[in-house]
Amino acid sequence: MMEKSELPTTGADTPEKQVYTRDIAARIVENFENVLEEQDITLTSPEDDERDPDNAARLYGSTYYDLLDATESIVIQTLEQAGISRDKYITDQFSGNF
């Protein structure tokens, strides 16, 4: 489980921090990918024919990015439902610290 201190933020020196929803979504998808690894399951992707033979990713290409986008949407909806102000989070981009 992700600890509060692990949430990717910006402005660490200021009391007002912003959370990167893309980073949170990527962490959730990474956990899902770990389960696929444990179960020795690889999901197919329309881009499989372009995949490097050494690439052992369980999620690849549009399959990965579609899941990432859907997960980020859920994160954003959850923040909105919780009444978190839109200026507290950044969407559609990685922090660079993930």
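Preceding block: the structure.
Residues numbered from 1 in each chain as written. Predicted model: local features only at pLDDT ≥ 70, side-chain atom pairs only at ≥ 80, totals over all residues. Heavy atoms only, no water.

### As for helix H1 (residues 21–38)
- Between the first and last C-alpha of H1 there are 26 Å, a value that for 18 residues agrees with the 26 Å anticipated at 1.5 Å per step.
- Taken residue by residue, H1 has Thr21, Arg22, Asp23, Ile24, Ala25, Ala26, Val29, Glu33 and Leu36 as its buried positions.
- In this structure, the buried residues of H1 make contact with strand S2 (18–20), helix H2 (61–81) and strand S3 (89–90).
- Remark: aspartate 40 follows H1 within two positions and exhibits a positive phi of approximately 55°. (Helix = DSSP H or I, 4+ residues; strand = E, 2+ residues; numbered from the N terminus. Expected span 1.5 Å × (residues − 1). Buried < 20%, exposed > 50% of the residue type's maximum accessible area, 1.4 Å probe, protein only. Contact = heavy atoms within 4.5 Å.)

### Looking at the side chain of glutamate 72
- Its location among the elements puts glutamate 72 in helix H2.
- A distance of 2.8 Å separates the side chain of glutamate 72 from the backbone nitrogen of aspartate 92, its partner in a polar contact.
- Residues contacting glutamate 72, with those up to four places away along its chain left out, are Thr21, Arg22, Ala25, Thr91 and Asp92. (Polar contact = N/O pair within 3.5 Å; in protein donor to acceptor, adjacent residues only side chain to side chain.)

### Things to note about H2
- The terminal C-alpha atoms of H2 lie 30 Å apart, and with 21 residues this matches the ideal 30 Å at 1.5 Å per residue to within 8%.
- Of all the positions in H2, only Gly61, Tyr64, Leu68, Thr71, Glu72, Val75 and Ile76 are classed as buried. Along the long axis of H2, the arc covered by the buried residues comes to 145°, so they all point the same way. In this structure, H2 carries Asp66, Ile74 and Gln81 as exposed residues pointing more than 90 degrees from its buried face.
- Check the buried side of H2 and you find it contacts H1 and S3.
- Once H2 ends, the next one or two residues include glycine 83, with phi positive near 80°. (Arc of directions from axis to C-beta.)

### Some words on the packing of aromatic side chains
- In the structure shown here, the tally under the stated rule is one aromatic pair.
- Ring centres 4.9 Å apart and planes at 90° place the aromatic pair tyrosine 64 and tyrosine 65 in the edge-to-face group.
- On the basis of relative accessibility, which here comes to 18%, the residue tyrosine 64 falls in the buried class.
- Overall, tyrosine 65 belongs to the partly exposed group, its relative accessible area being 45%. (Phe/Tyr/Trp six-rings, centres within 6.5 Å; stacked < 30°, edge-to-face > 60°.)

### Section: the pattern of salt bridges
- Applying the stated criterion to the full structure yields five salt bridges.
- A salt bridge links glutamate 37 to arginine 58; the shortest N-O distance between them is 3.0 Å. Of this pair, glutamate 37 sits in helix H1 while arginine 58 sits in the loop between H1 and H2, placing them 21 residues apart in sequence.
- You can call glutamate 37 partly exposed: its relative accessible area is 44%.
- Note that aspartate 48 is salt-bridged to arginine 51, the shortest N-O span being 3.0 Å.
- Accessibility expressed as a relative area gives 28% for aspartate 48, which makes it partly exposed.
- Taken together, the salt bridges that share partners define one network made up of Arg22, Asp69 and Glu72. (Salt bridge = Lys/Arg side-chain N within 4 Å of Asp/Glu carboxyl O.)

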